[in-house]
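Examining the three-dimensional arrangement
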Amino acid sequence: SSTRGHMSSEIHPLGVRPSGNALTSLREDVERRVRTKEQGLGALAALGDTLLLRVLESCAPRTLAALAQTSKAMRAFATHADVWKAAVLETFGGRFRYDASWFGTFATAAERERRRDGDDVHASKRAKAEPAMARPRTSVSAEIYSDALHQRYMCASMELEAEWLEVSTVPEETSGELSVRDFVAKYEAPNVPVVIRGAAKDWRATQTWTRESLVEKFGDVDFVVGGYDMKLDDFFTLDACEDDVPLYLFDPNFGEKVPELVSDYDVPEYFAKDDLFSLMGADRPHYRWLIVGAARSGSSFHKDPNATSAWNAVITGRKKWVMFPPHVNPPGVHPSEDGAHVAAPLSLVEWFSNFYQYAYDGDVKPLECICEPGDILFVPSGWWHMALNLEECVAITQNFVSKANLRKVIAVLDTKCEALLSGLDKSRRGSLGELFNEALKSSPDDEVQSILTEYQSKKAAKAKPSALGDAFAAGASFSFSFV
Amino acid sequence: MANTITLRSSDDETFEVEEEVAFLSETIRSIIEDTENDAAVPLPNVSAKILSKVIEFSKFQVKAKKENESEAKIKEFNNEFVKVDQATLFEIILAANYLNMKGLLDLTCMTVANMMKGKTPEEIRKTFNIKNDFTAEEEEEVRKENQWAFD
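Residues numbered from 1 in each chain as written. Chains lettered and ligands numbered in written order. Predicted model: local features only at pLDDT ≥ 70, side-chain atom pairs only at ≥ 80, totals over all residues. Heavy atoms only, no water.

As for the overall build of chain A
Selection criterion: Starting at the N terminus, helices and strands are each numbered in turn, a helix being any DSSP run of H or I of at least four residues and a strand any DSSP run of E of at least two. Throughout, a residue-residue contact means that at least one pair of heavy atoms, one from each residue, lies within 4.5 Å.
Helices and strands together make up the secondary structure of chain A, namely 22 helices and 15 strands. Restricting to contacts in chain A with at least 6 residues of sequence separation, those with at least 24 account for 77%.

Section: the overall build of chain B
Our working rule: As defined in this context, the radius of gyration uses C-alpha atoms, and a globule is described by 2.2 Å times the residue total to the power 0.38. Only protein chains enter the accessibility calculation, which uses a 1.4 Å probe; a residue is then buried when its area is under 20% of its type maximum, exposed when over 50%, and partly exposed in between. Using the Shrake-Rupley algorithm and a 1.4 Å probe, accessible areas are obtained, with residue cover drawn only from the displayed protein chains. Positive residues here are Lys and Arg, negative ones are Asp and Glu, while His and the chain termini are left out of the count. For the purpose of locating charges, the reference atoms are NZ of Lys, CZ of Arg, CG of Asp and CD of Glu.
Within chain B, the secondary structure is distributed over eight helices and three strands. What you see for chain B is a C-alpha radius of gyration of 20 Å, clearly larger than the 15 Å of a compact globule of 151 residues, by over 25%. Once the C-alpha set of chain B is aligned to its principal axes, its extents read approximately 65 × 35 × 25 Å. A burial count over chain B gives 41% of its 151 residues as buried. Taking contacts inside chain B between residues at least 6 apart in sequence as the whole, the part at least 24 apart equals 56%. Of the roughly 8800 Å² of accessible surface on chain B, 49% is carried by carbon and sulfur atoms. The average position of the 19 basic charges and that of the 31 acidic charges among the side chains of chain B differ by 6 Å.

A few points about the sheet that holds strand 9 (residues 319-324) of chain A
Residues and elements named next belong to chain A. Rules: For two strands to pair, DSSP has to find at least two bridges joining them. Lines fitted to C-alpha atoms define the axes, with helix axes restricted to the stretch in contact, and inter-axis angles between N-to-C directions lie between 0 and 180 degrees.
Taken together, four strands build an open sheet; the order of strands is 7-14-9-12 and the sheet is antiparallel. The open sheet has two edge strands, strand 7 (298-302) and strand 12 (367-371), and neither has a second partner. Taken pair by pair, the neighbouring strands of this sheet meet at an average axis angle of 15 degrees, ignoring direction. In the packing of helix 17 (residues 348-355) onto the sheet, the strands contacted are strand 7, strand 9 and strand 14 (384-389), and the crossing angle to strand 14 comes to about 115 degrees.

Remarks on the interface of chain B and chain A
We apply this condition: Put simply, buried area is the surface a 1.4 Å probe can reach on two separate parts but cannot reach once they are joined, added for both. One side-chain nitrogen of Lys or Arg within 4 Å of one carboxyl oxygen of Asp or Glu is enough to make a salt bridge. Lys, Arg, Asp and Glu make up the charged group, whereas Ala, Val, Leu, Ile, Met, Phe, Trp, Tyr, Cys and Pro make up the nonpolar group; the residues left over, Gly among them, are polar.
Taken together, the contact pairs 34 residues of chain B with 39 residues of chain A. Around 3400 Å² of area is buried between chain B and chain A when both sides are counted, 67% of it from carbon and sulfur atoms. Ranking the residues of chain B by area buried against chain A places M116(B), E145(B) and W148(B) at the top, with a combined share of 22%. There are three salt bridges connecting chain B and chain A. For E138(B), the salt bridge is made with K72(A), and the minimal N-O distance between the two is 3.4 Å. Listed by contribution, the elements that provide at least two residues to the side of chain B that touches chain A are helix 5 (86-98), helix 6 (102-116), helix 7 (121-128) and helix 8 (136-145) of chain B. When residues in the side of chain B that touches chain A are grouped by element, the largest group, seven residues, is from helix 6 of chain B. Considered class by class, the residues forming the side of chain B that touches chain A number 18 nonpolar, five polar and eleven charged.

Quick word on the packing of aromatic side chains
All names here are of chain A. So the rule is basically this: Geometry of aromatic contacts follows a simple scheme: Phe, Tyr and Trp rings, the Trp one being its six-membered ring, pair when their centres are within 6.5 Å, and the pair is stacked under 30 degrees between planes, edge-to-face over 60, tilted otherwise.
What the rule picks out here adds up to 34 aromatic pairs over all chains. Ring plane angle 65 degrees and centroid distance 6.2 Å describe the contact between Y265 and W311, whose orientation is recorded as edge-to-face. Taken together, the residues span a long stretch of sequence, with Y265 in the loop between helix 15 (259-262) and helix 16 (269-272) and W311 in strand 8 (residues 309-316) at a distance of 46 residues. W311 sits in the buried class, given a relative accessible area of 1%.

Focus on the confidence of the model for chain A
In low-pLDDT regions, the fine details of the predicted coordinates are not to be read closely. All names here are of chain A. To keep things clear, this is the line we draw: Confidence of the predictor at the level of single residues is given by pLDDT, which spans 0 to 100.
With 86% of its residues at a pLDDT of 70 or more, chain A has an overall mean of 86. Across residues 1-5, confidence stays below pLDDT 50; counting only partners more than four residues off in sequence or on other chains, it has ten contacts. Taken as a whole, residues 129-134 scores under 50 in pLDDT and shows six contacts with residues more than four places along the chain or in a different chain.

Notes on the side chain of E145(B)
The criterion, for reference: In protein, a polar contact means a hydrogen-donor-capable atom and an acceptor-capable atom, both N or O and within 3.5 Å, with residues adjacent in sequence counting only if both atoms are side-chain atoms; elsewhere, any N or O pair within 3.5 Å suffices.
Inspection of the secondary structure puts E145(B) in helix 8. Among the polar contacts listed, one links the side chain of E145(B) to the side chain of R75(A), at a separation of 3.2 Å.

Regarding unusual backbone geometry
One non-glycine residue with positive phi stands out, namely N191(A), at about 60 degrees. Within the fold, N191(A) resides in the loop between helix 10 (180-188) and strand 2 (194-197). Look at D12(B): it is not a glycine, yet its phi comes out positive at around 70 degrees. With respect to the secondary-structure elements, D12(B) resides in the loop between strand 1 (4-8) and strand 2 (14-18). D12(B) sits in the exposed class, given a relative accessible area of 57%.

Here we look at the state of the cysteines
To keep it simple, the criterion reads: To count as a disulfide, a pair of cysteine sulfur atoms needs to be within 2.5 Å.
Under the criterion given, the structure shown has zero disulfides over all chains. A disulfide-free cysteine, C241(A) has its sulfur positioned 14 Å from the sulfur of C155(A), the nearest such atom. Among the residues examined, C241(A) registers a relative accessible area of 14% and is labelled buried. C109(B) takes part in no disulfide bond, and the closest cysteine sulfur to it belongs to C59(A), at a distance of 9.5 Å. Residue C109(B) is classed as buried on the basis of its relative accessible area of 1%.

Structure below.
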């Protein structure tokens, strides 16, 4: 097991144990713990742990605070990290500073809000000047068995196994030794990944984006964290947070908010040569993200939207990648029939613990690598990929459409399937395909024109002779290798 | 004539239900869509007593939607529906979870949350027969830890 250095009773802050512990404990200890839980939950024990947590998720914070005082067992449920993390985000969005636990974080944020006089400037200055309030630490434990409570703390504290990090099979090139022509021939056209070592090492970003300098210059700027606006300085208080699924800074508007950051890097020639969404001007969907995350944060398995390809550059930190080709579902990952929804473990460490061992069972093996500062990974259109930050990591990623994946992009935009598309207001997605096709017509490149014309004439030829002109039917007659 | 489905409870009672009513349960919907024959759907986790409550709920929801019933009327029904004893309420929660019925699960979980709302710890203990196993010192520590919520 990968909980080296942690005894089960140390993992959960109140001493809750996984149910498996009962197999190896003294009988009287087991009986005592079972009694503590039964008597401490009363009639609510009938619900089972998962449903009890579900009920608590409907409770207001004040109700939870009252429940926490009823018994030791109930306190373990009423102070559960996931319940309070949800409450913090729902109540405060990104307007909080982490304080010892999610329960403590809520309490501190609630108290701060009460003290606020309504003058925002003074309040935020005062908040910054105060150190994170010390939460009263109690010694009251809850020795009960509960997998539902224990699981996420175990994932949060789990060490990464060395064998998860050993395999390096993504093809490698060295920046400066790979021509654009070779990149297209060897990787982009055949739709194969490659990690280009050192492609970003000369960027000003790679030299200057230390945490200290970012906080000094942009500490007060709102970035998008887990979908919420959060000040960069507040985001870094999450250092102290041990989460199974850490909050992730993933901001598609950083370029518009802080143009200075964009001037600190250059899109490599391999990817800059044609970025066809740029023909859409201001109408283009989201295409570039600033990514900042703690160790254990990252993205679980997904395919990029709009059938775009992507490049991902590590500025600081180290990022572990596992990738599967478009037609191979990673173990533990279940896409819906149209590919629009994916069921998979949210915790990356959970995926590695439970599913990595099966990754090499199939005929098609995954490709893996670790990117160091200055490295850029090319993620081809339609490939499944998962990224795990091995330590705090700052990265830049951009999605793009080039001639190599243009046909696929036109086709997927044509399906008008909302869930497959992304990056624009929902109200505009329906016409993203139309806008894009219009924009393509203004490209001076003959090849671009001919790809578009070829697609449209094939579609017209196969269209049903019905008054409705079913776009889906026409689209479905092409085989999408990426779905 | 609408399709009917036969459901069999854990205590072997059968219920004939219209397909659209039964399909409020995602579990039942999956079972029906995956099997070819017309056999009764066994529900080993749901007793007849609880299953008839679930069916009562589902019938009303389907009827209310068809007849464009007002929010107020639906709320009135829901409020009456959950006026059952605690044990029955918990059994309905378990059934709604097993049958994968989000609307019923949300309603019943919120009902339990409302039973806790506004009560002191001692009142909550009485409501759910929870034993206070804190020592006097521990109780005071835990009270202080939660004081912020009541200021």
